Amino acid sequence: MFAEQNIIVTIGNYGAVVALHEGDEIKTKIFLDELTDTVKADLKENVFSKNSSAPIYVLLDTVDQSYKKKVYPSVRRGDLTRIIKRDMASDGDKESMKNYILLNPKKTPGAAKGSSARWECLFISSSNSEMINKWISFLLDTSNRLIGVYMLPIETFSLFKLLKSNIKLQSKIQDKKNDIYCLVMQNKVSGIRQVAFS
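Everything in this summary refers to the structure shown in the same document.

Basis of the calculations
Residues numbered from 1 in each chain as written. Predicted model: local features only at pLDDT ≥ 70, side-chain atom pairs only at ≥ 80, totals over all residues. Heavy atoms only, no water. Buried < 20%, exposed > 50% of the residue type's maximum accessible area, 1.4 Å probe, protein only. Helix = DSSP H or I, 4+ residues; strand = E, 2+ residues; numbered from the N terminus. Pairing = 2+ DSSP bridges. Axes fitted to C-alpha atoms, helices over the stretch in contact; angles between N-to-C directions. Contact = heavy atoms within 4.5 Å. Patch = residues over 30% accessible without salt bridge, like charges linked within 9 Å, V, L, I, M, F, W, Y side chains within 5 Å. Areas by Shrake-Rupley, 256 points an atom, 1.4 Å probe, with all protein chains shown as cover. Salt bridge = Lys/Arg side-chain N within 4 Å of Asp/Glu carboxyl O. 1 Å grid on protein atoms, 1.4 Å probe; cavity = no way out; pocket = protein on both sides within 12 Å on 5 of 7 lines; lining within 4 Å. Points joined across faces, edges and corners; volume = space filled by probe spheres on them. Nonpolar A, V, L, I, M, F, W, Y, C, P; charged D, E, K, R; others polar. Phe/Tyr/Trp six-rings, centres within 6.5 Å; stacked < 30°, edge-to-face > 60°. Lys NZ or Arg CZ within 6 Å of the ring centre and 35° of its normal. Core = buried A, V, L, I, M, F, W, Y, C linked by side-chain atoms within 4.5 Å.

### Things to note about the pairing of strand β4 (residues 56–61)
Counting buried positions over the six residues of β4 gives six, a clear majority of the element. Neither face of β4 is open: one carries Ile-56, Val-58 and Leu-60, the other Tyr-57, Leu-59 and Asp-61, and all of them are buried. When strand β1 (residues 5–12) meets β4, the two strands line up parallel, connected through six bridges. When the sheet's bridge partners are listed, Ile-8 is paired in β4 with Tyr-57. Here β4 runs beside strand β8 (residues 146–151); their pairing, made up of five bridges, is parallel. Across the sheet, Ile-56 pairs through a bridge with Leu-146, a residue of β8.

Right, here's the structure in full:
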């Protein structure tokens, strides 16, 4: 998925971290509480220009993110995409960054075998703060290719899936019908964050 060398910029409420990754190693990691003109010039010269072929991934670790799940009836995937995009366009908030993820189709309880499944869609949005706008503008101005903007709680799900089987094995709880897990993280850009998975 990732190139051999890439730059990951994590933006939080208390600043940002620019990290140069080479394979499994982090070669450079810089914490910045503000994006000033001096900082921009230094980053361009010492990180982005020297590694101009490295693509950039932006991770948003801000508190101002929202997630809303909606279930759609059984329709063709192409029709579903048009319905979802219409629902996103009709949302009153025009300033936030928005996208969606299709979750696994769900069978309707009691539905006949072979019948179509309902679709579950997770709508994701993040407020577009001045700091995020500054960073995106700056990154677009570098010679590096900006691959995308990702929400850290969603990306954490991949890490959680790796941990989940180990958690279940070590759990002393006999009744495992409740499938809710909480991952607590702490970092410089966002402080303590809690992500719950169900």
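### Notes on the sheet that holds β8
Taken in spatial order, the five strands of this open sheet run β3-β2-β1-β4-β8, and their pairing is mixed. Looking at strand neighbours, the two that pair on one side only are β3 (25–32) and β8, the edges of this open sheet. For this sheet, the mean inter-axis angle between neighbouring strands, taken without regard to orientation, is 15°. Along the sheet, helix α1 (residues 37–48) makes contact with β1, β2 (15–22), β3 and β4, crossing β3 at roughly 175°. Across the sheet, helix α3 (residues 130–140) lies against β1, β2, β3, β4 and β8, angled at about 160° from β1, the strand it touches most.

### Details of a nonpolar patch on the surface
Together, Leu-159, Leu-163 and Ile-167 line one region of the surface with nonpolar side chains, adding up to about 220 Å² of accessible area. Relative to the elements of secondary structure, Leu-163 occurs in helix α4 (residues 152–170). Residue classification places Leu-163 among the partly exposed residues on the basis of a relative accessible area of 34%.

### Describing the pattern of salt bridges
The tally for this structure, following the rule as stated, stands at nine salt bridges. The shortest N-O distance in the salt bridge between Glu-25 and Lys-27 comes to 3.5 Å. For Glu-25, a relative accessible area of 47% gives the class partly exposed. Using a relative accessible area of 45% as the deciding quantity, one classes Lys-27 as partly exposed.

### A word on the layout of surface pockets
The space that makes up the largest pocket amounts to roughly 830 Å³. Considering the residues around the largest pocket, the lining is formed by 23 residues, among which Leu-103, Leu-122, Phe-157, Phe-197 and Ser-198 are closest to the centre. Those elements that provide at least two residues to the lining of the largest pocket are β5 (65–72), β6 (97–102), β7 (119–126), α4 and β10 (191–197). Residue classes in the lining of the largest pocket are distributed as 13 nonpolar, four polar and six charged. In this structure, the second largest pocket encloses a volume near 720 Å³. Every residue lining the second largest pocket is counted, 25 residues in all, and those nearest its centre are Ile-8, Thr-10, Leu-59, Leu-152 and Asn-187. Those elements giving two or more residues to the lining of the second largest pocket turn out to be β1, β2, β3, β4, α4 and β9 (181–187).

### A word on the packing of aromatic side chains
Aromatic ring pairs are reported here in terms of the distance separating the ring centres and the angle at which the planes meet. The final tally for this structure, using the stated rule, is three aromatic pairs. Measuring from centroid to centroid gives 6.2 Å for Tyr-57 and Tyr-150, while their planes differ by 35°, and the two rings are tilted. Here the residue Tyr-57 occupies a position in strand β4, and Tyr-150 occupies one in strand β8, the gap between them amounting to 93 residues. Of the residues examined, Tyr-150 reaches a relative accessible area of 28% and is grouped as partly exposed. Following the ring pairs from residue to residue traces out a cluster consisting of Phe-48, Trp-135 and Phe-138. In this arrangement the basic side chain of Lys-188 is found over the ring face of Phe-31, its NZ or CZ atom lying 5.0 Å from the centre.

### Some words on the nonpolar core
One broad rule of soluble globular proteins: the nonpolar side chains tend to lie buried together. Counting residues in hydrophobic clusters, the biggest one holds 25 residues, and the most contacted among them are Ile-7, Val-18, Leu-43, Phe-48 and Trp-135. Beyond its immediate chain neighbours, meaning those up to four positions away, Ile-7 contacts Val-18, Ala-19, Leu-20, Val-47, Phe-48, Asn-51, Ala-54, Pro-55, Ile-56, Tyr-57 and Asn-144. Counting residues in hydrophobic clusters, the runner-up holds eight residues, among them Tyr-72, Leu-80, Ile-84 and Cys-121.

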